[in-house]
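Survey of secondary and tertiary structure
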Number of protein chains: 2
Amino acid sequence: MKKEKVLNLLKRKNVKPSVQRMEILNYIVENKNHPSVDEIYSHLNKKIATLSKTTIYNTLKILCKKNILTEILIEEDEVRFDYMEKPHIHFKCKSCNKIYDVFKKCPLINCKKIEGHKIEEYHIYLIGTCKNCYKDD
Amino acid sequence: MKKEKVLNLLKRKNVKPSVQRMEILNYIVENKNHPSVDEIYSHLNKKIATLSKTTIYNTLKILCKKNILTEILIEEDEVRFDYMEKPHIHFKCKSCNKIYDVFKKCPLINCKKIEGHKIEEYHIYLIGTCKNCYKDD
DNA sequence: TTTTAATTTGTAATTATTACAAAATTGAAA
DNA sequence: TTTCAATTTTGTAATAATTACAAATTAAAA
Ligand SMILES: [Mn+2]
Ligand SMILES: [Mn+2]
Ligand SMILES: [Zn+2]
Ligand SMILES: [Zn+2]
């Protein structure tokens, strides 16, 4: 039972740990896939039949504002969400559409300022062909 | 008259240089702002009263496919477009919403492969408070 | 000119996201 | 326990960016 983890995450940031919030956060944290709202909904709908998409949107907005989650803007048509326990960058395969975590660190990440601008967030997206799709050439 | 520049850009990539395509590309190349479809439309509508938004969408899709333009996915609700003559990264100010070009280069950009994946595109987005908004604190 | 292909245009359809108010739940006070 | 206000969830409707599509226009070829 890993429920403790998300429970503490929520408590620590003063977000009331409702059943829905726990399940949504738990799904993202445990699966480490980078789900869209629809994917979260399809999956959790099986456990919580009454779950509403609006609740998912509301919850994700709160968790992002509290810096528990981060938005991934790598797709043109939908936002994906991620739990960034340790900061990392994302690689999206054009062929299979999978989004991979990449933990090689970019020196940029240590910059607090750049050309006079104060940096508060980083989004580094790499796009190409993943190693699994590539070898099939 | 800088029309030569966009004319050549289009010819070189075998895109037929229609009036609309020339104007759309010229607007992006000359202004170096990072316009959304709506901004392109509002601006060019004054010159070409009959211009259709669908034409803008069509043209942008072609120019991106030909690697003349690139999409900037820094906003949640709309795509922006850029002419990347020399590769650079983007900084978006949370306060004034301006998107700045940053030409400091990240070593990542020289990587052709990362953790076995073949990299074809880079999107580096920094978010924070720009130098103009910051000093008002 | 006539014919054919490419491009542009306007409208309708699609779809992710947001707005909003009613219903349900929670949690403390009485 | 009951009461009651605050919070959360839910369902539906509205919004808005993008795409689909077919007719109209324009350009190129014959
Ligand atoms: Mn990730
Ligand atoms: Mn730029
Ligand atoms: Zn792949
Ligand atoms: Zn600013």
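Read on for an overview of the structure. Treat the numbers as computed from the prediction; the structure is a model and nothing was measured.

Digging into the protein's contact with DNA strand D
- Taken together, 18 residues sit near DNA strand D, with Ser-18, Thr-54 and Thr-55 of chain A together with Tyr-57 and Asp-77 of chain B positioned nearest.
- Among the atoms of DNA strand D close to the protein, meaning within 4 Å, 74% are from sugar or phosphate groups.
- In the environment of DNA strand D, a phosphate oxygen lies 3.1 Å from a nitrogen or oxygen atom belonging to the side chain of Arg-21 of chain A.
- For DNA strand D, a base oxygen lies 3.0 Å from a polar atom in the side chain of Thr-54 of chain A.
- For the surface near DNA strand D, the secondary structure elements donating two or more residues are helix H2 (19-31) and helix H4 (53-65) of chain A together with helix H4 (53-65) of chain B.
- Its residues assigned to classes, the surface near DNA strand D shows 3 nonpolar, 8 polar and 7 charged.

Quick look at the packing of aromatic side chains
- Overall, the coordinates contain 3 aromatic pairs over all chains when judged by the stated rule.
- A ring pair is formed by Tyr-125 of chain A and Tyr-125 of chain B, whose centres lie 5.8 Å apart and whose planes are at 65 degrees; its orientation type is edge-to-face. Of the two residues, Tyr-125 of chain A is situated in strand E6 (residues 117-129) and Tyr-125 of chain B in strand E6 (residues 117-129); the pairing between them involves two chains.
- With a relative accessible area of 3%, Tyr-125 of chain A lands in the buried category.
- In this structure, Lys-53 of chain B is placed above the aromatic ring of Tyr-41 of chain B, and the distance from its NZ or CZ to the ring centre is 5.3 Å.

Points about the nonpolar core
- Counting 62 residues, the largest nonpolar core has Leu-25, Ile-28 and Leu-60 of chain A together with Leu-25, Ile-28 and Leu-60 of chain B as its most contacted members.
- If sequence neighbours within four positions are ignored, Ile-28 of chain B has contacts with Pro-35, Ile-40, Leu-60, Leu-69, Phe-81, Asp-82 and Tyr-83 of chain B.

Describing the relation of the copies chain A and chain B
- Aligned on chain B, chain A shows an RMSD of 0.1 Å; the corresponding rotation is 180 degrees and the shift along the axis is 0.0 Å. Those values place the two copies in the arrangement expected of a two-fold rotation axis. Closest approach to the rotation axis among the C-alpha atoms of chain A is made by Ile-124 of chain A, whose C-alpha sits 2.3 Å away.
- Both copies share a contact surface, since 100% of the interface residues of chain A are interface residues in chain B too.

Scoring rules and cut-offs
- Residues numbered from 1 in each chain as written.
- Chains lettered and ligands numbered in written order.
- Predicted model: local features only at pLDDT ≥ 70, side-chain atom pairs only at ≥ 80, totals over all residues.
- Heavy atoms only, no water.
- Near = heavy atom within 4 Å.
- Polar contact = N/O pair within 3.5 Å; in protein donor to acceptor, adjacent residues only side chain to side chain.
- Helix = DSSP H or I, 4+ residues; strand = E, 2+ residues; numbered from the N terminus.
- Nonpolar A, V, L, I, M, F, W, Y, C, P; charged D, E, K, R; others polar.
- Phe/Tyr/Trp six-rings, centres within 6.5 Å; stacked < 30°, edge-to-face > 60°.
- Buried < 20%, exposed > 50% of the residue type's maximum accessible area, 1.4 Å probe, protein only.
- Lys NZ or Arg CZ within 6 Å of the ring centre and 35° of its normal.
- Core = buried A, V, L, I, M, F, W, Y, C linked by side-chain atoms within 4.5 Å.
- Contact = heavy atoms within 4.5 Å.
- Least-squares fit on C-alpha atoms with pLDDT ≥ 70 in both.

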